[in-house]
Structures are given as C-alpha cells and as structure tokens.
Amino acid sequence: MSVSKELSADASQYAIGAALVQGEGEHEHPIENASRLLTPALKQLAQDLALAKENIEDNLESNRFKANAKRRPDPGCKFGNLVLVETHPISNSEKQFSAKFAPRRDGPYIIVKKHGATTYEVAHPDTPERSIGRYHTSAITKFERRADDLPNSVNPICRRGGPRKGAGALAGR
C-alpha cells in the first residue's frame, strides 16, 4: 500500500517554513517540519534581487522605446485594402534597362491575409484567390485612388516575388 506524501512551504517577510505531511484526510499527520527566521543578509539579498529585476525591466523598456522610435509605423492595412508593393529592379546594360528610372512601387494589389504583426499576404485584384507572396510592412504602401479605374501594373510581380521574365517598362526594346 502506497501512502501519499505532501510538501508544503510558506514564506513571509520575517521567516520561511516547510512541512512534510503523510497520509490523506483524517489520517494526515506531519512527518517533519522546518522553519527559519530570515537573517539580515537574506533580507538584503531579497531586496537586491528585487531591485535588479526592476532595473532590468526598466532597461528593456528603454531599449524597446529607442528601437521602435525609428521604425516606420504599421500602415494599418486590412483585408481587402489596396496596396503598392516595393519593387527591386536590377539594371541590365544588354537590355538597356536602368533601375534608376524604374518605378519604385508596383500595384495596386489586394491584401488577402495578415500573418503576424508585420507581414501581409497580397494578391492581384483580378485573382484574389491566388496569392502572389508575403511582404513586410516596410515594403507596403497604402494605395490612394485618384480615378475610378485601377491602373495596370507597370512591372507585374510573379508568384515568387520578382518581376516576370521579359516584363518591365523597357523589356521590349
């Protein structure tokens, strides 16, 4: 027959204590107990640990504030919003294409889903069921309509994130 044993502990500002109890219900009785008064050194150690924990939390908050101060705020995009996505064109002298003169953003594309706090999944407005890719908030800008019709993409983005082969403003030359 197995008898259950339970260890219970308690602490206050002045002392710590523990008791080892055997049995259950009416058959419960203490086997061993221990208690100690906190010495001044232990009290000082507890105060020092609490102060160190508070300092660490203050430093983390300060570092978090400094790091976030320079970050671009989340554009606050929601499902169905139209956005522009940054392009990263590469110059090609054979095709006489200069990235300097290429558009920096392409779109509009539609927000399909939000992944985490900073990543959005986008799709072409004509085919919203087929995702083009995921983009960080730093690569997305809200699209502002200026007319009733949506403009066509200048440099359409393929599924893996780069421009399609042969596509581009100067590709036909």
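Residues numbered from 1 in each chain as written. Predicted model: local features only at pLDDT ≥ 70, side-chain atom pairs only at ≥ 80, totals over all residues. Heavy atoms only, no water.

### Quick word on the overall build of the chain
Which entries qualify depends on this criterion: Every helix listed is a DSSP run of H or I at least four residues long, and every strand listed is a run of E at least two residues long, numbered separately from the N terminus. Accessibility here uses a 1.4 Å probe with only protein chains present; expressed as a share of the type maximum, an area under 20% marks a residue as buried, one over 50% as exposed, and anything in between as partly exposed. For every accessible area listed, the method is Shrake-Rupley and the probe measures 1.4 Å; residues are considered covered only by the protein chains on display.
Along the backbone of the chain there are one helix and eight strands. Along the chain, helices (α) and strands (β) appear in the sequence β-β-β-α-β-β-β-β-β when read from the amino end. Per-residue burial over the chain gives 21% buried out of 173 residues. Of the roughly 13600 Å² that the chain leaves accessible, carbon and sulfur atoms contribute 52%.

### A look at the sheet that holds strand S1 (residues 5-11)
The condition is simple: Two strands form a pair only when DSSP identifies at least two bridges running between them. With axes taken as lines fitted to C-alpha atoms, and helix axes fitted only over the stretch in contact, angles between N-to-C directions fall between 0 and 180 degrees.
Spatially, S1-S2-S3 is the arrangement adopted by the three strands of the open sheet, whose pairing is antiparallel. A single partner strand is all that each edge strand has here, and the edge strands are S1 and strand S3 (29-37). For this sheet, the mean inter-axis angle between neighbouring strands, taken without regard to orientation, is 10°. Two elements, strand S2 (residues 15-22) and S3, share eight bridges in a ladder whose sense is antiparallel. Considered in S3, the bridge of Ile16 is made with Arg36.

### Overview of the sheet that holds strand S6 (residues 119-123)
Pairing in this open sheet of five strands is antiparallel, and the strands run S7-S6-S5-S4-S8 from one edge to the other. The sheet terminates laterally at strand S7 (131-136) and strand S8 (140-142), the two strands that pair on one side only. Put simply, the sheet's adjacent strands are angled 45° from each other on average, direction ignored.

### Some points on the UniProt feature "domain: Reverse transcriptase RNase H-like" (unreviewed entry) in the chain
We count it as follows: UniProt positions are given in the numbering used here, feature names are shortened, and annotations may be inferred rather than shown by experiment.
Per the UniProt entry, the sites bearing "domain: Reverse transcriptase RNase H-like" (unreviewed entry) are residues 6-44 in this numbering. Between the first and last C-alpha atoms of residues 6-44 the distance is 31 Å; the span itself is 13% helix and 59% strand.

### Remarks on the nonpolar core
In plain terms, the rule: Joining through side-chain atoms within 4.5 Å is the link that ties buried Ala, Val, Leu, Ile, Met, Phe, Trp, Tyr and Cys residues into a set, and such a set is a nonpolar core.
Core analysis: the largest hydrophobic core is formed by ten residues, namely Cys77, Val83, Val85, Tyr109, Ile111, Tyr120, Val122, Ile132, Tyr135 and Ile140. Core analysis: the second largest hydrophobic core is formed by five residues, Leu82, Leu84, Ile110 and Ala123 among them.

### What to know about the pattern of salt bridges
Quick reminder of the rule: For this analysis, a salt bridge means a side-chain nitrogen from Lys or Arg found within 4 Å of a carboxyl oxygen belonging to Asp or Glu.
Under the defined criterion, the tally for this structure stands at one salt bridge. Here Glu61 and Arg64 are joined by a salt bridge, their closest N and O atoms 2.8 Å apart. Taken together, the positions of Glu61 and Arg64, both in helix H1 (residues 40-69) and three residues apart, correspond to about one turn of that helix.

### Things to note about the confidence of the model for the chain
Note the following rule: As a per-residue measure, pLDDT tells how confident the predictor is, with possible values from 0 to 100. Any two residues having at least one pair of non-hydrogen atoms within 4.5 Å are treated as being in contact.
Residues of the chain with pLDDT of at least 70 account for 82%, and the chain-wide mean is 81. Counting interchain partners and residues more than four positions distant, the pLDDT-below-50 stretch residues 169-173 has four contacts.

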